[in-house]
Amino acid sequence: MIKILTILHTLPSVKSYRTLCFERVLPYLRSKTDVHLTWLVYQPERLKIESQTDPHTSILDIHDFKNAVEVVQQVKPDIIWVAPTLNLPDYALSLAGKHMNIPVVGELVTELMKNTSKFEVSKSYFKKFFESSVPTDVIDSNNKFMRRGRFFLFKYQFVLKTQLAIKMGFLKIIKSFVSDMNYHLSVSTKLNNLYNPKFAVDLHFVETKKLVDRLVKNGFERSSLVPTGIPMYDDVFERLEKIKVKPNTDGKTKILLVTHAMFEHGFWTRSQRDSLVRGIVSEISKHKNEISLTVKIHPSSELLNDYQKLIKPIDDTIPIYKDGDIVEFIKNSDAVIAYSGGSTLVYAIACQKPIIICNFYNLENDIFQEKGVVSECKNKSTIIPLIKEVIESNPITKEKTDDFIEEFFYKLDGRASERIGDSIINLLKIR
């Protein structure tokens, strides 16, 4: 049996990148051997975890442990899966695993980040520290003063207690804290700072071959980097075929606005996010007789209440969804609008849907734009003409789609899960 320990910012019932990966990887691993998966979930408050009936899966609450070493000692995993980035609970679990000589693995995807000045990012972090909610909240009753800041302090305390538990020296702890805080700010201002080898693990499941080269330049060991593709796309074409398109009864052009947690992850300020969303919605709402808009936000990293406050004063008839299959939303739209290239846009590309990226801040490093698989909107005043243009003449051709997927998403051959599963089995054999 293989015992896997991983960490998650929500209950695993909430769809996220990691839960979708495990939905694909686990069946393949279980075709080879027995697997028990333990989720360590971290939220601001202690969770109400329902009775667990699945003998192959466990859910633990971070509040039941003083540090990550205690978690590892209780679970006794064969392998630990974390995000090899400065996400504090992941970092703590990685430290514990390395100290206890347990192999640590994790995924590294092609993040398409936007540059923001360090001053603006610092100001945004300061404001967020005093916010009364966190992006993973599902109800407003948990709101309280500085809830987000106190949650950050809780997570950092978990890291600190882990560092002390593994006997890390005091001076090293101080240096680590200073470098981590600087990294938090600089990661949003320089694309190359996104991947720091300080957080490297034993084996990285890398989205593309191109990303492997960038990671090596940043200081990662090439032998630890395995290009695999993304498991969440393994069944993309099968899912697309199963979803039925709803009939268009009102004759309107159906536009889907797909948001991205740029503010929540510190890459944008709140004012940047709010101004852009208001601009998009206000322009489209002027043409509501011919265009219908639907908004789909991230299911685990964005707050529904945030977007309701932004959008409802402009047009309270616009539906805003947090839950639901993004593929179904995309397939039932005529065009997709986003304000950042992101992995969900691959579904739109696979559907051959026109995509508009609203780049109001003249920001760079978006590979979707560089490769011509999206149309760029530089100003809110051009949104409506651009919608009409892409509907009449879709810039996404099959040739562009195939080239883009091959270069940036490795393969959509349905075998990413197999590549990851085989890598885990081989790593455990070597160890």
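Residues numbered from 1 in each chain as written. Predicted model: local features only at pLDDT ≥ 70, side-chain atom pairs only at ≥ 80, totals over all residues. Heavy atoms only, no water.

**Observations concerning the nonpolar core**
One finds Leu5, Leu40, Val71, Val72, Ile80, Leu93 and Phe158 to be the most contacted residues of the largest nonpolar core, which totals 33 residues. Secondary structure elements with two or more residues in this core: strand 1 (2-8), helix 2 (68-75), helix 3 (88-99) and helix 5 (147-165). Look past the residues within four positions of Leu93 in its chain and what remains in contact with it is Leu5, Thr6, Ile7, Ala68, Val71, Val72, Ile80 and Val82. Counting 32 residues, the second-largest nonpolar core is a separate cluster that includes Val258, Cys351, Ile367 and Phe404. (Core = buried A, V, L, I, M, F, W, Y, C linked by side-chain atoms within 4.5 Å. Buried < 20%, exposed > 50% of the residue type's maximum accessible area, 1.4 Å probe, protein only. Helix = DSSP H or I, 4+ residues; strand = E, 2+ residues; numbered from the N terminus. Contact = heavy atoms within 4.5 Å.)

**What about the packing of helix 1 (residues 17-30) against helix 16 (residues 416-430)?**
Any two packed helices are characterised by how steeply their axes cross, that is the angle between the axes, and by the distance between the axes. Close contact between helix 1 and helix 16 brings their axes to 9 Å; oriented N to C, the two are set at 55°. It follows that helix 1 is oblique to helix 16 by the angle criterion. In this structure, helix 1 meets helix 16 at a crossing whose hand is right-handed. The residues of helix 16 that touch helix 1, namely those facing Arg24, Val25, Tyr28 and Leu29, are Ser417, Glu418, Ile420, Gly421, Asp422, Ile424 and Ile425. Considering only residue class, the contact of helix 1 with helix 16 consists of six nonpolar, two polar and three charged. (Axes fitted to C-alpha atoms, helices over the stretch in contact; angles between N-to-C directions. Parallel < 35°, antiparallel > 145°, perpendicular 65-115°, else oblique. Left-handed = near helix turned anticlockwise from the far one by under 90°. Nonpolar A, V, L, I, M, F, W, Y, C, P; charged D, E, K, R; others polar.)

**What to know about the environment of Ile356**
The topology assignment puts Ile356 in strand 12 (residues 355-358). Residues Ile356 and Val374, spaced 18 residues apart in sequence, show a C-alpha to C-alpha distance of 5.7 Å. Look past the residues within four positions of Ile356 in its chain and what remains in contact with it is Val336, Ile337, Ala338, Ser375, Cys377, Leu386, Ile387 and Val390.

**Topic: the confidence of the model for the protein**
Per-residue confidence for the protein averages 85 on the pLDDT scale, and 86% of its residues sit at or above 70. Across residues 188-192, confidence stays below pLDDT 50; counting only partners more than four residues off in sequence or on other chains, it has 19 contacts. (pLDDT = per-residue confidence, 0-100.)

**Observations concerning the sheet that holds strand 2 (residues 35-41)**
Strand order in the open sheet formed by seven strands is 3-2-1-4-5-6-7, with parallel pairing between adjacent strands. Each end of this open sheet is capped by a strand with a single partner; those strands are strand 3 (57-61) and strand 7 (225-227). Strand-to-strand, the axes of this sheet are offset by a mean angle of 25°, without reference to chain direction. Two strands pair when backbone bridges link them, and strand 6 (residues 203-206) and strand 7 are joined in this way by three bridges, in the parallel orientation. Bridge pairing links His204 to Leu225 in strand 7. Sheet contacts for helix 1: strand 1, strand 2, strand 3, strand 4 (79-81) and strand 5 (104-108); angle to strand 2, the most-contacted strand, approximately 165°. (Pairing = 2+ DSSP bridges.)

**Structural notes on the packing of aromatic side chains**
Scanning the model with the defined rule gives eight aromatic pairs in all. With centroids separated by 5.3 Å and ring planes inclined at 70°, the aromatic side chains of Phe22 and Trp39 adopt a geometry described as edge-to-face. Taken together, the positions of Phe22 in helix 1 and Trp39 in strand 2 put the pair 17 residues apart, joining distant regions of the chain. Relative to Trp81, the ring of Phe22 lies with its centre 4.7 Å away and its plane at 50°, an arrangement referred to as tilted. A residue pair is termed long-range when its members are at least 10 positions apart, and Phe22 in helix 1 and Trp81 in strand 4 qualify at 59 residues. (Phe/Tyr/Trp six-rings, centres within 6.5 Å; stacked < 30°, edge-to-face > 60°.)

**Brief notes about the side chain of Glu283**
Along the chain, Glu283 turns up in helix 9 (residues 270-285). Its relative accessible area of 10% is what places Glu283 among the buried residues. Among residues more than four places away in sequence, those in contact with Glu283 are Lys380, Ser381, Ile383 and Ile384.

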